[in-house]
Each structure stands twice: as C-alpha cells, then as structure tokens.
Amino acid sequence: MPEPVLVTVILKPMPDPSGAESMAHAFAMLKDWAATQHVVVQTPVDSDAETLRFAAVLTSDEDQADVLIVELQGKAFVDTSYRKPADALP
C-alpha cells in the first residue's frame with residue numbers, strides 16, 4: 001500500500017452560527033468537506049486557534065492531492081493549501 005500524501009491547509013477564521021469568527025468553525029467546515037471527498041483530516045493535538053489554523057489532509061496519492069489543492073483554494077475557509085512530502089521539514 002502506498003504512503004499517504006500530506007496536504008497542508010492553512011485555514012481562515014469563519015463565522016459560526018452565532019456570528020463569531022472562529023478557527024474551530026473553519027476546522028469543522030474542513031472536516032465536513034473532507035468527508036464528502038473521502039479523505040482524512042488529521043486530528044489536531046490541541047484545540048486552540050493557532051493549532052487549528054494549520055490542518056493536514058491525508059490523500060491516497062499525488063494526483064488526488066493536486067486535485068484537492070485546486071478545489072481547496074476555492075473554499076472560503078481556506079487561506080492556502082499545498083502538498084509537501086511527509087518527510088520534509090516544516
């Protein structure tokens with residue numbers, strides 16, 4: 001089985017149902033989107049806003065990663081996204 005490809009997603013705070021902007025809501029939106037794409041969002045180590053800002057999506061291959069990056073760029077809750085080898089330094 002091939003190694004998963006890591007897509008780094010930098011999120012923007014999004015208004016939650018109460019109207020307050022939060023990274024937690026942006027992260028929840030990313031998880032909802034990922035479920036429709038059948039990809040996995042890595043669980044964050046903490047729930048503070050700075051930790052939630054940097055999300056990791058795991059895909060099955062580089063081609064799928066490239067397609068997801070293009071789609072993510074059009075999402076209101078995404079600042080940017082890019083693919084990086086799992087063994088690369090942050």
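Residues numbered from 1 in each chain as written. Predicted model: local features only at pLDDT ≥ 70, side-chain atom pairs only at ≥ 80, totals over all residues. Heavy atoms only, no water.

Caption draft 1: Here's a closer look at the sheet that holds strand 1 (residues 5-11). The strand order 4-5-1-6 describes an open sheet built from four strands, whose pairing is antiparallel. In the strand order of this sheet, the two ends are held by strand 4 (40-41) and strand 6 (78-84), each with one partner. The sheet strands contacting helix 3 (residues 62-73) are strand 1, strand 5 (54-59) and strand 6, and the helix crosses strand 6 at an angle near 165°. (Pairing = 2+ DSSP bridges. Helix = DSSP H or I, 4+ residues; strand = E, 2+ residues; numbered from the N terminus. Contact = heavy atoms within 4.5 Å. Axes fitted to C-alpha atoms, helices over the stretch in contact; angles between N-to-C directions.)

Caption draft 2: Seen up close, the side chain of Thr59. Looking at the secondary structure, you find Thr59 in strand 5. Engagement of the side chain of Thr59 in a polar contact is seen with the backbone oxygen of Asp61, the distance being 3.3 Å. If we ignore the near neighbours within four places in the chain, the residues touching Thr59 are Pro4, Val5, Val7, Val39, Gln64, Ala65 and Leu68. (Polar contact = N/O pair within 3.5 Å; in protein donor to acceptor, adjacent residues only side chain to side chain.)

Caption draft 3: Fine view of the nonpolar core. Among the nonpolar cores identified, the biggest contains 22 residues, and Val9, Leu11, Leu30, Trp33 and Phe77 are the most heavily contacted of them. Within the residue set of this core, elements represented by two or more residues are strand 1, helix 1 (23-37), strand 5 and helix 3. With six residues, helix 1 is the largest single contributor of residues to this core. Among all residues touching Leu11, those that are not within four sequence positions of it are Met23, Ala26, Phe27, Leu30, Leu52, Arg53, Ala55, Phe77, Val78 and Asp79. (Core = buried A, V, L, I, M, F, W, Y, C linked by side-chain atoms within 4.5 Å. Buried < 20%, exposed > 50% of the residue type's maximum accessible area, 1.4 Å probe, protein only.)

Caption draft 4: A look at the pattern of salt bridges. The final tally for this structure, using the stated rule, is two salt bridges. Between Glu62 and Arg83 there is a salt bridge, with the nearest N and O atoms lying 3.5 Å from each other. One end of the pair, Glu62, is in helix 3; the other, Arg83, is in strand 6, with 21 residues separating them in the sequence. Taking relative accessible area as the criterion, Glu62 reaches 47% and is therefore assigned partly exposed. Relative accessible area serves as the criterion here: at 34%, Arg83 is assigned to the partly exposed category. Note that Asp66 and Arg83 form a salt bridge whose closest N and O atoms lie 3.1 Å from each other. Of this pair, Asp66 sits in helix 3 while Arg83 sits in strand 6, placing them 17 residues apart in sequence. (Salt bridge = Lys/Arg side-chain N within 4 Å of Asp/Glu carboxyl O.)

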